[in-house]
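Residue strings, one per chain:
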Amino acid sequence: MIGLISATAAGEAARDRLAAAWPERTRVYDGPVADAVRRAFGECEQLVCFLATGAVVRLVAPLLADKASDPGVVCVDEAARFAVPLLGGHGGGANALAGEVGEVLGARPVVTTATDAVGLPGLDTLGLPYEGDVAGVTRALLDGEPVALNAEVAWPLPPLPFTGRGDRRVRVTDRAGEPADGEVLLRPPTLVVGVGASRGAPVTEVLDLIEGTLREAGLSPRSVAELATVDAKSEEPGIVGAAARLGVPVVTYPAEKLAAVEVPNPSAAPLAAVGTPSVAEAAALAGGGELLVPKRKSAARPAMATCAVVRRPGRGRLAVVGLGPGARDLLTPRAKAELRRASVLVGLDQYVDQIRDLLRPGTRILESGLGAEEERARTAVAEAREGRAVALIGSGDAGVYAMASPALAEASDDIDVVGVPGVTAALAAGAILGAPLGHDHVSISLSDLHTPWEVIERRVRAAAEADLVVTFYNPRSRGRDWQLPKALAILAGHRAPATPVGVVRNASRADESSRVTTLGALDPATVDMMTVVTVGNTATRIIAGRMVTPRGYRWQEDSK
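Definitions and cut-offs
Residues numbered from 1 in each chain as written. Predicted model: local features only at pLDDT ≥ 70, side-chain atom pairs only at ≥ 80, totals over all residues. Heavy atoms only, no water. Helix = DSSP H or I, 4+ residues; strand = E, 2+ residues; numbered from the N terminus. Buried < 20%, exposed > 50% of the residue type's maximum accessible area, 1.4 Å probe, protein only. Contact = heavy atoms within 4.5 Å. Areas by Shrake-Rupley, 256 points an atom, 1.4 Å probe, with all protein chains shown as cover. Lys, Arg positive; Asp, Glu negative; His and termini not counted. Charge placed at Lys NZ, Arg CZ, Asp CG, Glu CD. Salt bridge = Lys/Arg side-chain N within 4 Å of Asp/Glu carboxyl O. Pairing = 2+ DSSP bridges. Axes fitted to C-alpha atoms, helices over the stretch in contact; angles between N-to-C directions.

*Asks:* Looking at this structure, I do not really get the overall build of the protein chain. What am I missing?
*Replies:* Each helix and strand counted, the protein chain has 19 helices and 28 strands in total. Along the first, second and third principal axes, the C-alpha atoms of the protein chain reach 90 × 65 × 55 Å. A buried classification covers 47% of the 560 residues belonging to the protein chain. Here the contacts in the protein chain between residues at least 6 apart in sequence split such that 64% fall between residues at least 24 apart. Surface exposure of the protein chain reaches about 25,800 Å², of which carbon and sulfur atoms provide 51%. Separation of charge centres in the protein chain, based on 59 positive and 66 negative side chains, amounts to 2 Å.

*Asks:* Is there a simple way to think about the pattern of salt bridges in this case?
*Replies:* Any two side chains of opposite charge can pair, so long as their charged atoms come close to each other. Throughout the structure, instances matching the rule amount to 29 salt bridges. Arg 328 is the partner of Asp 357 in a salt bridge, and the nearest nitrogen-oxygen pair spans 2.9 Å. Here the residue Asp 357 occupies a position in the loop between α13 (349–355) and β18 (364–368), and Arg 328 occupies one in the loop between β16 (317–322) and α12 (333–341), the gap between them amounting to 29 residues. For Asp 357, a relative accessible area of 55% puts it in the exposed group. By relative accessible area, Arg 328 is classed as partly exposed at 32%. A salt bridge links Arg 505 to Asp 511; the nearest nitrogen and oxygen atoms lie 4.0 Å apart. Owing to a relative accessible area of 45%, Asp 511 belongs among the partly exposed residues under this scheme. The network of salt bridges with common partners includes Glu 152, Arg 169, Arg 171 and Glu 183.

*Asks:* What is the right way to read the sheet that holds strand β8 (residues 147–151) from this model?
*Replies:* Read from one edge to the other, the open sheet built from four strands follows the order β7-β10-β9-β8, with strand pairing classed as mixed. Of all strands in the sheet, those bounded by a partner on one side alone are β7 (130–132) and β8. Each adjacent strand pair in this sheet contributes to an overall mean axis angle of 15°, direction not counted. Pairing of β7 with strand β10 (residues 183–186) involves three bridges; the strand directions are antiparallel. When the sheet's bridge partners are listed, Tyr 130 is paired in β10 with Leu 186.

*Asks:* Would you take a moment to explain the environment of Val 101 for this structure?
*Replies:* Here Val 101 is to be found in helix α4 (residues 94–105). Val 101 sits 50 residues away from Ala 151 along the chain, and the two C-alpha atoms are 36 Å apart. Beyond its immediate chain neighbours, meaning those up to four positions away, Val 101 contacts Leu 18, Trp 22, Val 48, Val 76, Ala 83 and Gly 106.

*Asks:* So what exactly am I meant to see when it comes to unusual backbone geometry here?
*Replies:* For residues other than glycine, phi is negative in most cases, and the peptide bonds are mostly trans. In this structure, the amide linkage connecting Arg 301 to the following residue, Pro 302, adopts the cis form with an omega of 0°. Position of Pro 302 among the secondary structure elements: in the loop between β14 (290–297) and β15 (305–311). With phi around 50°, Tyr 401 is a residue other than glycine that occupies positive phi space. Within the secondary structure layout, Tyr 401 lies in the loop between β19 (389–394) and α15 (404–410). Although it is not a glycine, Ala 544 adopts a positive phi angle of roughly 55°. Within the secondary structure layout, Ala 544 lies in the loop between β27 (541–543) and β28 (546–548).

In structure tokens:
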């Protein structure tokens, strides 16, 4: 919950705007300011104070405990011009909150954390439990000193300027142990503990078994991702309680699925009780991975709990990112976040140039030229399979005549794939032209490099006969100069010469140009590969120089 505190009418107005935008996330604290801050500090994960920073410093100073538990605090000035993360920039999420506040109020986030200032992800912001000398290692990264990365288990980290050597290091591990001097341990959630329990098994027995098993195996409980069991035990108090103590979810599987998992230690007892010869081992292995600790029983007599431990390899992450038509303000916030999250960027060289300044230091860039789409897709998937965080970029929306299709054709379920939508060329051009896509419409690429012309022609003819507005991608190049005239001729067989046509080149870019003409007047020689051509249907009209396709056919009927 985010506590909101204000002291003046102007502050209250900004406070109320934020409360209206986030009704489920915020709570307004009224009354004397000092009391309001004290109550919010003790009850909320974050605070937004519409007060001077000096005043907030004095109010929260007596309340501070430690950076791990203190809430994040953001100050917003009277005019709502600035959002200043005052406390808990990383651990309390105040830096991110300041950005969100800025988006709602139009305020500028003023982030002073050193890593954020130079574009480095903080080691305490990676979403992983951490131990060790975070301040010292971070300072070394900021100062350009060598810091080594020792990844004992693969995990898709964001870009950091690691070297292969150095007195300071970051170790990614699920093994138990204390960090050495000048070392940070990152604990990825790679361990799955399969658990079986008799009815009524005490929480202490289940928890002691799990913790003892991890300790003897030299594994860190901070890397446990989940407890896994059979569906029949989904509400068993001992398992549910142990998961709550460990702070992890309980994941369950049907008995028939667990019965199909090959295990080293099947038993007749669980088969008779819940319908599978193994619960602990089978549940741990159900999602794949390496069995580190076979089934063990609790020490009680009779034993009422069993467990087994599996390490699941860290899954690589492939984000397929649409960059939009080219203008920076049409690049979505989600796309920017994915670009900054990726440690590897794969893309067409000219698209890489568009967003190079948004990448974090240490991002590895794999760029290539035109015509290498399949190669880029294979490269991106291969990098993700190595456990890395990868962004594969394309123009417009990556799923529309772009990189999502070849990437997903290469990918399998051994990596996580995330699609990030972007503004398409058709949408950008449509906004410039007016409202040509107001009714049913279709996009057709006239490039026959991947699709036989016979197929393209059949689709154009179908769109013509169905009276659909048509947007042509890849309409004409120096080596393909006959396809657009042919397509226009097909449409002309079903539409009048006066049918509006919009031509937009380099939509949203600095050298953007556009014009509205007609089907009979369009000269295909004026069109190139950087152009989008939108041909209206029989209802499309030119109104005040803009193309308009009404949502119904009433205008067409009224004009008869």
